[in-house]
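The chain contents come next:
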Amino acid sequence: MTEDFPMRPNEMTADVMPATDASLTYIGHIETPWTRPEDCPRQGDSVAGPDCALVVAPPWLPALTGIDAYPFLDILYWMHLSRRDLILQNPDHGDAARGTFSLRSPIRPNPIGLSNVRLIGWAGNRVTVRGLECVSGTPLLDIKPDRRHFTPPSRDRAGGQTSPEAGG
């Protein structure tokens, strides 16, 4: 797989062992207009980007209840086509290598993607969004309300619920 991704000057790889310490459950998959990583935009556009679909697997459908209360969502996905061994990368827009953890590159030890998307609609097992930047068929890991729009009720000192509007 790594031979499909040529290295740029000053890049460095790490010898990585197969992961055995974590288990993830895909909750569905993502459908976008892009079939190859090189066709994906660098950053998703939640205003003018194309409509994309989060296709949620049947066991997880009840978990979508209430999702339409949030105009923006954080989508976590597994970038299954990304290489995982580069620790120094030379970005297209740069002229020197930088550490993987200082970049938003899809090349990561654990290729977890995060996109903040605009919710367009939801029907059945399909959640339509704008702002994704991954290939069609990407495994879906999680859907969360955007933290900027999510305000859970706070607890008063006695452990009861108070509303955010009440200043609790």
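Given the structure is predicted, the values throughout are model-derived calculations rather than measurements. (Residues numbered from 1 in each chain as written. Predicted model: local features only at pLDDT ≥ 70, side-chain atom pairs only at ≥ 80, totals over all residues. Heavy atoms only, no water.)

Here we come to the pairing of strand β8 (residues 126-130). The side-chain alternation of β8 yields one buried face, formed by V127 and V129, and one unburied face, formed by R126, T128 and R130. With 5 bridges joining them, strand β3 (residues 51-56) and β8 adopt antiparallel strand pairing. Paired with A53 across the bridge in β8 is T128. The turn joining strand β7 (residues 112-123) and β8, which pair antiparallel and follow one another in sequence, is formed by 2 residues; a positive phi near 60° is taken by G124. (Buried < 20%, exposed > 50% of the residue type's maximum accessible area, 1.4 Å probe, protein only. Helix = DSSP H or I, 4+ residues; strand = E, 2+ residues; numbered from the N terminus. Pairing = 2+ DSSP bridges.)

This part takes up the pairing of strand β5 (residues 86-89). Alignment of strand β1 (residues 12-13) against β5, held across 2 bridges, turns out to be antiparallel. When the bridges of β5 are listed, M12 appears paired with L88. Pairing of β5 with strand β6 (residues 98-99) involves 2 bridges; the strand directions are antiparallel. Paired with L88 across the strands is G99, a residue of β6.

Turning our attention to the sheet that holds β1. Here we have 3 strands laid out as an open sheet, ordered β1-β5-β6, and antiparallel in their pairing. Both outer strands of the open sheet, β1 and β6, are each paired with one neighbouring strand and no more.

Here the protein averages 87 in pLDDT, and 88% of its residues register 70 or above. Considering only residues more than four positions removed or in separate chains, one finds that residues 163-168, a stretch of pLDDT under 50, has 6 contacts. (pLDDT = per-residue confidence, 0-100. Contact = heavy atoms within 4.5 Å.)

The next point concerns the nonpolar core. Grouped together as the largest cluster of nonpolar side chains are 23 residues, with contacts concentrated most on L54, L73, I75, V129, L132 and I143. When contributions to this core are tallied by element, the ones reaching two or more residues are β3, β4 (72-78), β7, β8 and β9 (139-145). For L73, the contacting residues outside a window of four places in its chain are I67, S115, N116, V117, L119, V127, V129, I143, K144, P145 and D146. (Core = buried A, V, L, I, M, F, W, Y, C linked by side-chain atoms within 4.5 Å.)

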